[in-house]
Amino acid sequence: MKQKQSKPNMKLNLSTIFLASATLFLAGCSSSETNDSQKSENDTEANIMTEEVPEYTELTKLPLPCSKELLYTAWKQIGVVETRRKEALDYKQHTPVLFLSTDLDKDGKPEILLRGEQPYAAIFTFNKDSLQLLTFVDNIKMGLAITQNGIILRNGTGHNGASISEFIKLKDSQVIASGAILETFAIQDNAMVSDGTRYLLQNDSSLVEVSKEEFLKVAPEHDGTFLEDIDGWEDFRKP
C-alpha cells in the first residue's frame, strides 16, 4: 500500500499514543539504573535520528452499500451519550456531514465511516443486508483512527485524567479481538507522573486485565491515522 511520509497539519499518530504508556512504563523501571549525567549528546542525536516517520493510512473507496437514509437512521439511534463531565453528546441533534465507504478487514463487505462536526464520528459495517454499529465517539476527548491493516484505534481521556487507548480488530465484519491500555496519573513534587498502567483484553463480554506481554501479542503493531486526516471523504448531505 502506498504510504505518505508527511501530511500537513497531521495530528500525533494514534498508535504512538497507544503504545506510549508501555514505553514510558519501561523507561520508568530502568531510570534508577541509569544516571542522566552519563547520557551524551551523541546518544541524544542518535535517538532523534532513529525516530520513525509516522505511516499514513490510505483507504480504498467502495460504493456505498446502503442508502443514506438507512445510515442517517442508524446514526440517530446512537442517541444521547452522557459523559462524566456532564457534557452530553447528542447524535440526534448533530447529523452526519461526511462519509467514507471502505473495506477495513478485506472480506469483501464494506465498512462505513461517518463524521459530523467534531468530535462526532461513528463506524458501521454492512453485512448480510444489515447495518451494524462497530464503534462511535462517546467522549468529547476521544479520537478514532485506522491503521494500515484496518484496525480501529480509539484514544481518549477518562475519569480523573486517565489515558485510555483501545483497539478493535475485525474479521469477516465481526469484532474478533479488542483491548485497552489504561494509564492513571498522580501529582508528585508538583509534577504529573504515571501512577500505573493496566493492560486489558476482551474476554467474552468483559475486559480482563492481562500482562503486558500477553497484551502486545494481540495489540496492533502499525501506526494509525486519525479519521479527519484520512483522504477520500464525501459529502453526506449531497443527493
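Coordinates for the structure precede this section.
What comes next concerns the included structure.

Each value, and the rule that gives it
- The residue numbers shown here count from 1 along each chain, following its written sequence.
- Totals for whole chains, interfaces and linings use every residue, but because this is a predicted model, local features are given only for residues with pLDDT of at least 70 and side-chain atom pairs only at 80 or more, for both listing and counting.
- Note that the side-chain values use all heavy atoms of the structure and ignore hydrogens as well as water.
- If DSSP finds at least two bridges between two strands, the strands pair.
- For the purposes of this entry, the term helix denotes a DSSP run of H or I that reaches at least four residues, the term strand denotes a run of E that reaches at least two, and both are numbered from the N terminus.
- Here an axis means a line fitted to C-alpha atoms, over the contact stretch when the element is a helix, while the angle between two N-to-C directions is reported on a 0 to 180 degree scale.
- Burial classes: relative accessible area under 20% of the type maximum marks a residue as buried, over 50% as exposed, and values in between as partly exposed (1.4 Å probe, protein chains only).
- What makes two residues a contact is simply this: any of their non-hydrogen atoms within 4.5 Å.
- Charge convention: Lys and Arg are scored as positive, Asp and Glu as negative, and His as well as the terminal groups of each chain are ignored.
- By definition, a salt bridge exists where a carboxyl oxygen of Asp or Glu is found within 4 Å of a side-chain nitrogen of Lys or Arg.
- Definition used in this section: a nonpolar core is a set of buried Ala, Val, Leu, Ile, Met, Phe, Trp, Tyr and Cys residues joined via side-chain atoms within 4.5 Å.
- Grouping into patches uses exposed residues only, defined as over 30% relative accessible area, and leaves out salt-bridged ones; the cut-off is 9 Å for like charges and 5 Å for nonpolar side chains (Val, Leu, Ile, Met, Phe, Trp, Tyr).
- Exposure was quantified through the Shrake-Rupley algorithm and a 1.4 Å probe, taking into account, for residues, occlusion by the shown protein chains and nothing else.

1. Thoughts on the sheet that holds strand 10 (residues 174-188)
Hydrogen bonds between backbone groups are what pair the strands of a sheet, and the pairing can be parallel or antiparallel. Across the sheet, which stays open at both edges, the seven strands sit in the order 12-11-10-9-8-7-13 with antiparallel pairing between neighbours. Here the strands that pair on one side only, and so sit at the sheet edges, are strand 12 (206-210) and strand 13 (224-226). Within the sheet, the average angular offset between the axes of one strand and its neighbour, ignoring direction, is 30°.

2. Here we look at helix 3 (residues 68-76)
Within helix 3, burial applies to Lys68, Leu71, Ala74, Trp75 and Lys76. Against strand 3 (98-102), strand 4 (111-115), strand 5 (121-127), strand 6 (130-136) and strand 14 (234-235) lie the buried residues of helix 3.

3. Quick look at the side chain of lysine 68
With respect to the element layout, lysine 68 can be found in helix 3. Here lysine 68 sits buried without a salt bridge, and the closest side chain of opposite charge, aspartate 235, lies 6.5 Å off (N-O distance). Discounting residues that sit within four places of it in the chain, lysine 68 has contacts with Phe99, Asp235, Phe236, Lys238 and Pro239.

4. Observations concerning the pairing of strand 6
Relative to strand 6, strand 5 runs antiparallel, the two being bridged by six bridges. Note on strand 6: the bridge partner recorded for threonine 125 is glutamine 132. Between strand 5 and strand 6, which pair antiparallel and follow one another directly, the connecting turn spans two residues, one of which, lysine 128, has a positive phi of 55°.

5. Notes on the sheet that holds strand 3
The strand order 6-5-4-3-14 describes an open sheet built from five strands, whose pairing is antiparallel. At either margin of the open sheet sits one strand with a lone partner, and together these are strand 6 and strand 14. Strands strand 3, strand 4, strand 5, strand 6 and strand 14 of the sheet are contacted by helix 3, whose axis makes an angle of about 125° with strand 5.

6. A look at the nonpolar core
It is characteristic of soluble globular proteins that their nonpolar side chains tend to be buried jointly. In this structure, Tyr91 and Ile146 are the most contacted members of the largest nonpolar core, which totals 36 residues. Top contributing element to this core by residue count: strand 5, with five residues. Contact partners of isoleucine 146, with chain neighbours within four places excluded, come to Thr57, Leu59, Leu104, Leu113, Ile123, Ile151, Ile152, Asp223, Gly224, Thr225, Leu227 and Ile230. Grouped together as the second largest cluster of nonpolar side chains are eleven residues, Ala145, Leu153, Ala177 and Leu201 included.

7. Quick look at the pattern of salt bridges
All chains considered together, the criterion is met by six salt bridges. A salt bridge links lysine 61 to glutamate 234; the shortest N-O distance between them is 3.6 Å. Pair noted here: lysine 61 is in the loop between helix 2 (41-49) and helix 3 and glutamate 234 is in strand 14, with a separation of 173 residues, a long-range link. Overall, the relative accessible area of 43% leaves lysine 61 in the partly exposed class. Close ionic contact of aspartate 138 with arginine 154 constitutes a salt bridge, the shortest N to O distance being 3.5 Å. With aspartate 138 in the loop between strand 6 and strand 7 (142-147) and arginine 154 in strand 8 (residues 152-157), this pair connects stretches of sequence that are 16 residues apart. A relative accessible area of 28% means that aspartate 138 is categorised as partly exposed. According to the relative accessible area criterion, arginine 154 is buried, its value standing at 10%. Because the salt bridges share partners, they merge into one network encompassing Asp138, Arg154 and Glu166.

8. A look at a nonpolar patch on the surface
A grouping of Phe185, Ile187 and Met192 is seen on the molecular surface, where their side chains present a nonpolar patch of about 330 Å² in accessible area. Mapped onto the elements of the fold, phenylalanine 185 is located in strand 10.

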